[in-house]
Amino acid sequence: SQQGEEDPQALSIQEGENATMNCSYKTSINNLQWYRQNSGRGLVHLILIRSNEREKHSGRLRVTLDTSKKSSSLLITASRAADTASYFCSQGGSEKLVFGKGTKLTVNP
Amino acid sequence: EPEVTQTPSHQVTQMGQEVILRCVPISNHLYFYWYRQILGQKVEFLVSFYNNEISEKSEIFDDQFSVERPDGSNFTLKIRSTKLEDSAMYFCASSEVGLAGEADTQYFGPGTRLTVL
């Protein structure tokens, strides 16, 4: 797997607002995965989007994938304080996940 | 929903001692992994395990580290002689085999916090 680069590094919003995080990668992919990590806790798999998909939804999460630009975005709608966490993307297709620094999202009540 | 579990949640040990960190992967998963995260740093891959053998390991995973699947449910990480710099959160993960025979989505356990004094 190859590391994704998340952007921005930090994002602070008010509860109820939407949060958008971006991920860029360098090589071709079979799929791309987004994970969340609450401070000091394990990683939680959020969503996997395959290379032949352009958009995928899961609850308040919406992920898009643009393989021509080698980029993906994660949108969290109607954010809650509990969404405060770091968010990471990683390319799938092999066994090793490589994590970047992620986007640290803070949702203020 | 099935989960990856890890024990203990916190392990304190003296430098030079051996530690064994235990994981119970999700029952129908065939790929197993260990990652670690030093406080304030990125999550780092250590090793992947499939078909009763290591399939990939990182530079961190030197001779002091070993993994084992002693029975049908447990997956362990052993550090033979701990160093201060081994202090970190250690995460176990597991995944199914995907349609193309490769590893699918990885599911992580809650981690074991290892403190080496």
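Structure: above.
Just so it is clear, the model here is predicted, and its values are computed rather than measured. (Residues numbered from 1 in each chain as written. Chains lettered and ligands numbered in written order. Predicted model: local features only at pLDDT ≥ 70, side-chain atom pairs only at ≥ 80, totals over all residues. Heavy atoms only, no water.)

Time to look at the overall build of chain B. Each helix and strand in chain B was counted, giving zero helices and 11 strands. Counting helices and strands in the order they occur from the N terminus, chain B gives β-β-β-β-β-β-β-β-β-β-β. Here chain B has a C-alpha radius of gyration of 14 Å; the compact-globule value for 117 residues is 13 Å, and the two agree. C-alpha atoms of chain B, sized along the principal axes, occupy 45 × 30 × 30 Å. (Helix = DSSP H or I, 4+ residues; strand = E, 2+ residues; numbered from the N terminus. Rg over C-alpha atoms; globule rule 2.2 N^0.38 Å.)

Another aspect to go through is the sheet that holds strand S3 (residues 19-24) of chain A. Sheet strands line up and pair through hydrogen bonds in the backbone, either parallel or antiparallel. Residues and elements named next belong to chain A. In space, the five strands of this open sheet follow the order S1-S3-S8-S7-S6, with antiparallel pairing throughout. Looking along the sheet, the strands with just one partner apiece sit at the ends: strand S1 (5-7) and strand S6 (55-58). Neighbour-to-neighbour, the strand axes of this sheet turn through a mean angle of 20 degrees, independent of strand direction. Pairing of S6 with strand S7 (residues 61-66) involves four bridges; the strand directions are antiparallel. Residue pairing across strands places serine 58 opposite leucine 61, the latter belonging to S7. (Pairing = 2+ DSSP bridges. Axes fitted to C-alpha atoms, helices over the stretch in contact; angles between N-to-C directions.)

Time to look at the layout of surface pockets. If you add up the space inside the largest pocket, you get close to 580 Å³. Lining the largest pocket we find 30 residues, and of these Gln37(A), Gly40(A), Gln37(B), Gly40(B) and Gln41(B) sit closest to its centre. Broken down by secondary-structure element, the contributors of at least two residues to the lining of the largest pocket are strand S9 (85-91) and strand S10 (103-108) of chain A together with strand S9 (88-97) and strand S11 (112-116) of chain B. The dominant element in the lining of the largest pocket, judged by the number of residues it contributes, is S10(A), at four residues. Looking at side-chain class alone, the lining of the largest pocket contains 10 nonpolar, 16 polar and four charged residues. By volume, the second largest pocket amounts to about 450 Å³. Along the walls of the second largest pocket sit 17 residues, with Leu43(A), Val44(A), Glu3(B), Val4(B) and Phe108(B) positioned nearest its centre. Only strand S5 (43-50) of chain A together with strand S10 (103-108) of chain B provide two or more residues apiece to the lining of the second largest pocket. (1 Å grid on protein atoms, 1.4 Å probe; cavity = no way out; pocket = protein on both sides within 12 Å on 5 of 7 lines; lining within 4 Å. Points joined across faces, edges and corners; volume = space filled by probe spheres on them. Nonpolar A, V, L, I, M, F, W, Y, C, P; charged D, E, K, R; others polar.)

Residue and element names in this part refer to chain A. Topologically, asparagine 31 is positioned in strand S4 (residues 31-37). Taking the relative accessible area as the measure of exposure, asparagine 31 reaches 4% and is therefore buried. Among the polar contacts listed, one links the side chain of asparagine 31 to the side chain of glutamine 33, at a separation of 3.5 Å. (Buried < 20%, exposed > 50% of the residue type's maximum accessible area, 1.4 Å probe, protein only. Polar contact = N/O pair within 3.5 Å; in protein donor to acceptor, adjacent residues only side chain to side chain.)

With that settled, the discussion passes to the environment of Leu39(B). Residue and element names in this part refer to chain B. Residue placement: leucine 39 occurs in the loop between strand S4 (31-37) and strand S5 (43-50). What makes leucine 39 exposed here is its relative accessible area of 74%. For leucine 39 and leucine 114, which are 75 residues apart along the polypeptide, the C-alpha to C-alpha distance reads 11 Å.

Glancing now at the packing of aromatic side chains. For the structure on display, the rule yields 14 aromatic pairs over all chains. Residues Phe99(A) and Tyr35(B) carry aromatic rings whose centres are separated by 6.2 Å and whose planes lie at 70 degrees to one another, so their mutual orientation is edge-to-face. On the criterion of chain membership, the pair formed by Phe99(A) in the loop between S9 and S10 and Tyr35(B) in strand S4 is interchain, its members lying in two chains. By the burial criterion, Phe99(A) is buried, and Tyr35(B) matches it. Here the aromatic cluster, defined as three or more aromatic residues joined through ring pairs, consists of Tyr35(A), Phe88(A), Phe99(A), Tyr31(B), Tyr33(B), Tyr35(B), Phe45(B), Tyr50(B) and Phe108(B). (Phe/Tyr/Trp six-rings, centres within 6.5 Å; stacked < 30°, edge-to-face > 60°.)

With that out of the way, let us pick up the interface of chain B and chain A. Contact with chain B, which involves 22 residues of that partner, is made by 20 residues of chain A. In total, chain B and chain A occlude about 1700 Å² of area from one another, counting both sides; carbon and sulfur atoms represent 50% of this. On the chain B side of the interface with chain A, the three residues burying the most area are Lys42(B), Val43(B) and Phe108(B), jointly 28% of the side's total. Applying the counting rule to chain B against chain A returns one salt bridge. A salt bridge links Lys96(A) to Glu56(B); the shortest N-O distance between them is 3.5 Å. Our count for the chain B to chain A interface comes out at three residue pairs in polar contact (both at pLDDT 80 or more). Elements with a minimum of two residues in the side of chain B that touches chain A: S4, S5, strand S6 (53-57), S9 and S10 of chain B. Of the residues forming the side of chain B that touches chain A, the biggest block, six residues, is contributed by S10(B). (Contact = heavy atoms within 4.5 Å. Buried area = accessible area lost by both parts, 1.4 Å probe. Salt bridge = Lys/Arg side-chain N within 4 Å of Asp/Glu carboxyl O.)

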